[in-house]
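Chain residues, written in single-letter form:
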Amino acid sequence: MNFSSWYNGIGKIYIEGLNIIKKKIVLSLIGILFFCIGSYAFVKFNYIEGTNQVLSGPEKEGREKFEYLSSLQDINKEIIQMTSQKIESDQLKELIRGSSSGSFTPAYLNTLGFDLAPYYRTLTVENIEYVEEYVKKLEIDKNTEGYYLSFLEEWKMGDYGRLVEVHKKIFHEYADFSNKMEFKEIDDYRLATPEEERDFLDHYSLNVTVK
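Quick look at the structure, then.

Position of threonine 111 among the secondary structure elements: in the loop between α4 (90-97) and α5 (125-137). With relative accessibility at 44%, the residue threonine 111 sits in the partly exposed group. Sequence separation between threonine 111 and serine 178 is 67 residues; the distance between their C-alpha atoms is 9.4 Å.

In structure tokens form, the structure reads like this:
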């Protein structure tokens with residue numbers, strides 16, 4: 001073998017080696033690109049737009065307040081508390097205050113199974129949507145699910161025509177009336193005026209715009 005043939009052979013091997021390295025680099029870059037696209041898609045659809053959202057700030061705080069909702073009883077409790085701002089009853093005032101006077105009806109006693117009023121979630125569109133989300137996750141029959149979603153949708157649109165009826169019905173189903181049957185006999189519920197609702201929210205430091 002002369003020097004020229006040897007040199008040409010070495011050149012071909014070198015070029016082939018470079019081509020192999022280039023292919024590996026290209027394949028590696030393609031792999032990295034697909035990994036990045038897949039990771040973005042997973043995060044986008046599972047943790048940004050999906051039900052496992054990773055949130056921050058007010059939205060995260062809002063969602064976390066509803067994470068305890070794991071049963072229809074939890075949903076009922078939340079609905080009663082959220083709608084209390086729009087409920088008025090002289091009989092309830094009498095039972096809690098001993099008088100029907102006052103510019104708003106106070107929140108239910110926590111001994112009936114409720115949170116202290118300053119910890120209530122308010123009836124905002126955002127909070128209603130959180131409750132809707134958890135209703136859809138429950139394993140309940142379609143008629144029950146449809147009933148809950150129908151009035152929640154009405155409230156989102158500002159239609160409170162059925163609110164008193166729903167509040168009373170769910171209150172009777174949820175509350176612990178042990179030795180407190182007088183609360184179950186309340187029959188003068190009505191929708192609060194904007195002024196009464198505002199006084200309720202101000203009294204319990206539940207800051208929200210009344211609509």
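From this point, the narrative continues.
Pairs of aromatic rings are described using the distance from one ring centre to the other and the angle between the two planes. In this structure the tally under the stated criterion is 12 aromatic pairs. A ring pair is formed by tyrosine 147 and phenylalanine 151, whose centres lie 5.1 Å apart and whose planes are at 75 degrees; its orientation type is edge-to-face. A residue pair is termed a helical-turn pair when its members lie 3 or 4 positions apart in one helix, as tyrosine 147 and phenylalanine 151 do in helix α6 (residues 142-156) at four residues. Taking relative accessible area as the criterion, phenylalanine 151 reaches 0% and is therefore assigned buried. Each residue in the set Tyr108, Phe114, Phe171, Tyr174 and Phe177 is aromatic and connected to the rest through ring pairs, giving one cluster. A cation over an aromatic ring shows up here: lysine 86 above the ring of tyrosine 160, its NZ or CZ 4.2 Å from the ring centre. A cation over an aromatic ring shows up here: arginine 97 above the ring of phenylalanine 104, its NZ or CZ 4.8 Å from the ring centre.

Conventions adopted
Residues numbered from 1 in each chain as written. Predicted model: local features only at pLDDT ≥ 70, side-chain atom pairs only at ≥ 80, totals over all residues. Heavy atoms only, no water. Helix = DSSP H or I, 4+ residues; strand = E, 2+ residues; numbered from the N terminus. Buried < 20%, exposed > 50% of the residue type's maximum accessible area, 1.4 Å probe, protein only. Phe/Tyr/Trp six-rings, centres within 6.5 Å; stacked < 30°, edge-to-face > 60°. Lys NZ or Arg CZ within 6 Å of the ring centre and 35° of its normal.

None of this, on its own, says anything about what the molecule does.
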